[in-house]
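# Structural overview
These are the residues of each chain, in order.
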Amino acid sequence: MINKDELWFILLKISNDKKIKLLEYYKNEKNIRVNKNNIKDLIGKNDEVTEEIIEKLGYYLINNGIGYITINHKDYPKNLLDINDLPYCLFYKGNIKLLKGNLVAVIGARKCSSYGAEVAKRISKEISENNITVVSGLAAGIDSIAQKNAIDYKGKTIGVLGCGIDVIYPKSNKNLYLEVINKGGLIISEYLPKTPPLAFNFPRRNRIISGISEKLIVVEASDKSGSLITVEFALESGKDIMAIPGPVFNGNSSGCNKLIRDGAKPFTEIEDLYDFLNIDIKAKEKLAKNSYKELLIREINSEPKHLDDIIKSVNVDRRVLFELLFEMQNRNEIICLPGNYYAKSI
């Protein structure tokens, strides 16, 4: 349901800070609007926001499937309340409930190397398989790769835009933009619909990427990368940073290498990621093993089945499979017959 008082307040061309202070004093947008003539020095030419303009925005939001939340809304992310210049309003498309989940930002260079791309894929895979949402800027390069891979592994992702929620930038990301929305993800922006992707919007956008995320992973970044702006915002909030080391003479890795020098956690093996994200790998392996065992129990019955057919059916790593078969034999759950055939114990 569209609230005209909220839309009026959204359309007012005053800073977020002023809007927050007015809300603190007047409690809600309706009270502010009623008293608009008493606070002209704060809100300026408020008569420029006409009823026609308000209705036009309302219809546009409805017709284009765009929602919005303000700072007083129950779905407004609490993490954002701790940042400087917190946005009064966020426009969105997709699953707004994701903002209440476990969120980790994966960011990096637009012009990334094949090495950076592979690392981004592996990290986003692990994050997604552990029910953590990948946050990024839906930009070319590392952002897009991480977010696309999250979707491919049935995970969730949040894209934070530096333009209007209805503006796809870069245009080459149109399919990804739609895929994020259609597969349970979320896209958000603090900018009014139709706002173009102006250069100065993106550094501001980065404070939201950092703000909603619990931790930050930088895959590739040069000394002047916009990713380092996001890192600065994260450090201001006392958040943990992980950086992926790279060749000393590779400009794309210079920013990451310096972050590690200055105290960021390095990613040298997959266990580093588990430690950074507080993932209990032993519990994860046990859970995976139990689910594989359930598959084996369904596949192996009283009729003998050859090992090759079992491998094709369950699609499990051979080492894990042999460990489970050995374990199940020891427990007399299955028996091994000559010729690599297996059957359920009677």
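Look above for the structure.
What you are looking at is a predicted structure, and each value in this text was computed from that prediction instead of being measured.

### Section: the pattern of salt bridges
Charged atoms that come close allow side chains of opposite charge to pair. The final tally for this structure, using the stated rule, is 24 salt bridges. Between Lys 4 and Glu 55 there is a salt bridge; the shortest N-O distance is 3.0 Å. Taken as a pair, Lys 4 in helix H1 (residues 4-11) and Glu 55 in helix H5 (residues 51-63) lie far apart in primary sequence, 51 residues in all. Overall, the relative accessible area of 35% leaves Lys 4 in the partly exposed class.

### Thoughts on the packing of helix H9 (residues 201-212) against helix H10 (residues 227-236)
Close contact between H9 and H10 brings their axes to 8 Å; oriented N to C, the two are set at 50 degrees. For the element pair H9 / H10, the angle class is oblique. The two elements H9 and H10 cross, and the hand of that crossing is right-handed. From H9, Pro 203, Asn 206, Arg 207, Ile 209 and Ser 210 reach across to H10, where they touch Ile 229, Thr 230, Phe 233 and Ala 234.

### Quick word on H1
Taking burial as the measure, the eight residues of H1 include seven buried ones, the bulk of the element. Taken together, the buried positions of H1 are occupied by Asp 5, Glu 6, Leu 7, Trp 8, Phe 9, Ile 10 and Leu 11. Looking at the packing, one finds that the buried side of H1 touches helix H2 (16-26), helix H3 (29-34), helix H4 (40-43), H5, strand S1 (67-70) and strand S2 (89-94). A distance of 2.9 Å separates the backbone nitrogen of Asp 5 from a side-chain oxygen at the start of H1, and that oxygen is part of Asn 3.

### As for the pairing of S2
Taken across its six residues, S2 has five buried, putting it largely inside the fold. Inspection of the sheet shows S1 paired to S2 by four bridges, in the antiparallel sense. Residue pairing in the sheet places Gly 67 in a bridge with Tyr 92 of S2. In the sheet, S2 pairs with strand S6 (residues 186-189) via four bridges, with the strands oriented antiparallel. Considered in S6, the bridge of Tyr 92 is made with Ile 188.

### Observations concerning the nonpolar core
Residues Phe 9, Ile 158, Ile 188 and Ile 212 are the most contacted members of the largest nonpolar core, which totals 66 residues. Ranked by residue count, the leading element in this core is H1, at five residues. Filtering out sequence-adjacent residues up to four positions away, Ile 188 remains in contact with Leu 90, Phe 91, Tyr 92, Leu 99, Ile 158, Gly 159, Val 160, Leu 161, Ile 165, Ile 208 and Ile 212. Val 119, Leu 273, Phe 276 and Ile 279 belong to the second largest nonpolar core, which has 22 residues in total.

### Things to note about the packing of H1 against H5
One way to put it is that H1 packs onto H5 with a least axis distance of 10 Å and a crossing angle of 105 degrees. One finds that H1 runs roughly perpendicular with respect to H5. Contact residues: H1 offers Lys 4, Leu 7, Trp 8 and Leu 11, while H5 offers Glu 51, Ile 53, Ile 54, Glu 55, Leu 57, Gly 58 and Leu 61. Classifying every residue of the contact of H1 with H5 gives seven nonpolar, one polar and three charged.

Calculation notes
- Residues numbered from 1 in each chain as written.
- Predicted model: local features only at pLDDT ≥ 70, side-chain atom pairs only at ≥ 80, totals over all residues.
- Heavy atoms only, no water.
- Salt bridge = Lys/Arg side-chain N within 4 Å of Asp/Glu carboxyl O.
- Helix = DSSP H or I, 4+ residues; strand = E, 2+ residues; numbered from the N terminus.
- Buried < 20%, exposed > 50% of the residue type's maximum accessible area, 1.4 Å probe, protein only.
- Axes fitted to C-alpha atoms, helices over the stretch in contact; angles between N-to-C directions.
- Parallel < 35°, antiparallel > 145°, perpendicular 65-115°, else oblique.
- Left-handed = near helix turned anticlockwise from the far one by under 90°.
- Contact = heavy atoms within 4.5 Å.
- Polar contact = N/O pair within 3.5 Å; in protein donor to acceptor, adjacent residues only side chain to side chain.
- Pairing = 2+ DSSP bridges.
- Core = buried A, V, L, I, M, F, W, Y, C linked by side-chain atoms within 4.5 Å.
- Nonpolar A, V, L, I, M, F, W, Y, C, P; charged D, E, K, R; others polar.

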